[in-house]
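Architecture at a glance
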Amino acid sequence: MLSACEKIGRGDSALNGMTFVRNEYSIIERYEFQDDGNVYHYTRVGDSAPFDTEGCALYYTLDGESLVIYHGVKGWKKEVRNTVYSSGTYHGDYIVIEGNKFSRQ
């Protein structure tokens with residue numbers, strides 16, 4: 001469904017290869033942490049067209065439980081590159097991003 005954008009190589013190996021999903025009410029949302037440190041984000045709300053970051057680069061850092069996902073270079077305007085995309089906390093079997101809980105799949 002989502003293809004590789006570019007290799008960033010900044011991710012912490014603790015999350016690489018993991019997928020976390022939130023599925024509540026009419027919201028389906030997923031964060032996929034790739035082996036190369038890239039992150040992909042997919043959201044679908046009800047019958048609306050899905051949003052995903054295919055064609056754009058995201059990368060992450062993990063400091064203890066503190067998780068920060070950044071805009072990469074590819075696919076984003078210069079003003080947005082390397083700025084925070086979203087942030088949250090890592091708890092092993094789940095992550096909390098912007099107040100929403102995502103379970104490990």
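Use the structure listed above.
Report follows, based on the coordinates. (Residues numbered from 1 in each chain as written. Predicted model: local features only at pLDDT ≥ 70, side-chain atom pairs only at ≥ 80, totals over all residues. Heavy atoms only, no water.)

Moving on: the sheet that holds strand S3 (residues 39–45). By definition, the strands of a sheet pair up through backbone hydrogen bonds, in either a parallel or an antiparallel sense. Sheet architecture is open: nine strands sit in the order S4-S3-S2-S1-S9-S8-S7-S6-S5, paired in antiparallel fashion. Since the sheet does not close on itself, it has two edges, and those belong to strand S4 (51–52) and strand S5 (58–63), each with one partner. With two bridges joining them, strand S1 (residues 19–24) and strand S9 (residues 100–104) adopt antiparallel strand pairing. Bridge pairing links Val-21 to Ser-103 in S9. (Pairing = 2+ DSSP bridges. Helix = DSSP H or I, 4+ residues; strand = E, 2+ residues; numbered from the N terminus.)

The side chains of a regular strand alternate, first on one face of the sheet and then on the other. Burial analysis of strand S2 (residues 27–33) places five of its seven residues in the buried class, the great majority of the element. Sheet analysis places S1 next to S2, joined by six bridges and oriented antiparallel. Bridge pairing links Asn-23 to Ile-28 in S2. Linkage of S1 to S2, two consecutive antiparallel strands, is achieved through a turn of two residues, within which Tyr-25 is found at a positive phi near 55°. Count of turn residues in the S2/S3 antiparallel hairpin: five residues, of which Gly-37 carries a positive phi of about 95°. (Buried < 20%, exposed > 50% of the residue type's maximum accessible area, 1.4 Å probe, protein only.)

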